[in-house]
Amino acid sequence: MPAFAQSGGGMLTDQQVEVLAHGLVTAWGKPGLLAGTNPPPYKATLHGDVAAGEKGFADNCASCHGEGGKGNPDIPGTLSGSIVDPAFLGLVSDQYVRNFVIAGFPDQMPDWRSHDSGKPLSDREITDIVAWVASHREPAASPTAGVTPEASSIHPAAMKSAKSMASQRQEPHS
Ligand code: HEC
């Protein structure tokens, strides 16, 4: 999905983004849904441990996504495809994978509270699983290559335009 904010090269003003987000939450939000839970942060703050993530994947994800994430030929549809294919990983960011693990997919993939191990996944476990999935990416294809973890959810195009805006601001007024 492309960025819609003007700062990311899209067409929506910050105010329009606010109005849309507010409308979505007001119309479809479920207040209290996460009451009493401790949801993991949207953005990763830790560095992932690939070896721990391999085990985490086997315990939580392989039943659907197949051994080693290579797809599950017994289940037709999307699950017969690999999520460790470098071509797939070259198209998606680590944040994309993290979002899936945290939010799941309605009626098809559990969210962070109910993966196969039967207990909520911690930030540590999620970060490790994402690191293991991402370790299959060809380094040159990484959309987040060279981007620090703190900034890894920012689309490179947005980073670029933010940088060029910053440099424009520094130019003296004519
Ligand atoms: C109960 C089955 C199930 C489990 C368990 C499961 N998933 Fe999924 N996952 C799915 C399904 C179904 C989809 C496809 C949703 C769609 O795009 O239609 C999916 C999609 C994804 C995608 C996006 C793939 C794409 O094509 O864009 C990623 C990444 C992913 N899962 C990672 C994981 C990880 C990591 C775990 C373990 C923490 C996990 N899944 C556990 C069923 C599962």
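In this text, all values refer to a predicted model and were calculated from it rather than measured experimentally.

Parameters at a glance
Residues numbered from 1 in each chain as written. Predicted model: local features only at pLDDT ≥ 70, side-chain atom pairs only at ≥ 80, totals over all residues. Helix = DSSP H or I, 4+ residues; strand = E, 2+ residues; numbered from the N terminus. Buried ≥ 20, exposed ≤ 12 C-beta atoms within 10 Å, placed from the backbone. Contact = placed C-beta atoms within 7 Å. Near = placed C-beta within 6 Å. Axes fitted to C-alpha atoms, helices over the stretch in contact; angles between N-to-C directions. Parallel < 35°, antiparallel > 145°, perpendicular 65-115°, else oblique. Nonpolar A, V, L, I, M, F, W, Y, C, P; charged D, E, K, R; others polar. Core = buried A, V, L, I, M, F, W, Y, C linked by C-beta atoms within 7 Å. pLDDT = per-residue confidence, 0-100.

Asks: Could you give me a rundown of the overall build of the protein chain, with the residues and numbers involved?
Replies: In terms of helices and strands, the protein chain carries 7 helices and 0 strands. Starting at the N terminus and walking to the C terminus, you meet the elements of the protein chain as α-α-α-α-α-α-α. Going through the 174 residues of the protein chain one by one, you find that 18% of them count as buried. When contacts within the protein chain are restricted to residue pairs at least 6 apart in sequence, those whose partners lie at least 24 apart make up 63%.

Asks: Tell me about the site of the ligand, and please be specific about residues and values.
Replies: In the vicinity of the ligand, 19 residues are found, and the nearest of them are Cys61, Cys64, Phe100, Gln108 and Met109. Of all elements in the fold, only α3 (62–65), α5 (94–103) and α6 (123–134) reach the threshold of two or more residues within the shell around the ligand.

Asks: Tell me about the packing of helix α2 (residues 50–60) against α6, and name the residues and values.
Replies: When two helices pack together, you describe them by how their axes are tilted relative to each other and by the distance separating the axes. Where α2 meets α6, the closest approach of the two axes is 7 Å, and the angle between their N-to-C directions is 100°. Compared by their axis directions, α2 and α6 come out roughly perpendicular. Residues Val50, Ala52, Gly53, Glu54, Gly56, Phe57 and Asn60 of α2 lie in contact with α6, whose contacting residues are Glu125, Asp128, Ile129, Ala131 and Trp132. Counted by class, the contact of α2 with α6 contains 6 nonpolar, 3 polar and 3 charged residues.

Asks: Give me the lowdown on unusual backbone geometry, citing residues and values where you can.
Replies: Residues other than glycine seldom take positive phi values, yet Asp107 does so here, at roughly 65°. In this structure Asp107 comes out as exposed when scored by C-beta crowding, with 5 C-beta atoms within 10 Å.

Asks: Go over the nonpolar core, please, and point to the residues and values.
Replies: In this structure, Val101, Ile126, Ile129, Val130, Trp132, Val133 and Ala134 are the most contacted members of the largest nonpolar core, which totals 15 residues. Counting residues per element, this core draws most heavily on α6, which supplies 7 residues. In this view, Ile129 contacts Gly53, Gly56, Phe57, Asn60, Cys61 and Val101; residues no more than four positions away in its chain are not counted.

Asks: Can you explain the confidence of the model for the protein chain? Please cite residues and give values.
Replies: Confidence in the prediction of the protein chain, expressed as mean pLDDT, is 84, and 80% of residues score 70 or more. When the elements of the protein chain are averaged for pLDDT, helix α7 (residues 156–170) gives the smallest value, 49, and α6 the largest, 97. Here residues 161–168 scores under 50 on pLDDT; set against residues more than four positions off or in separate chains, the count is 4 contacts.

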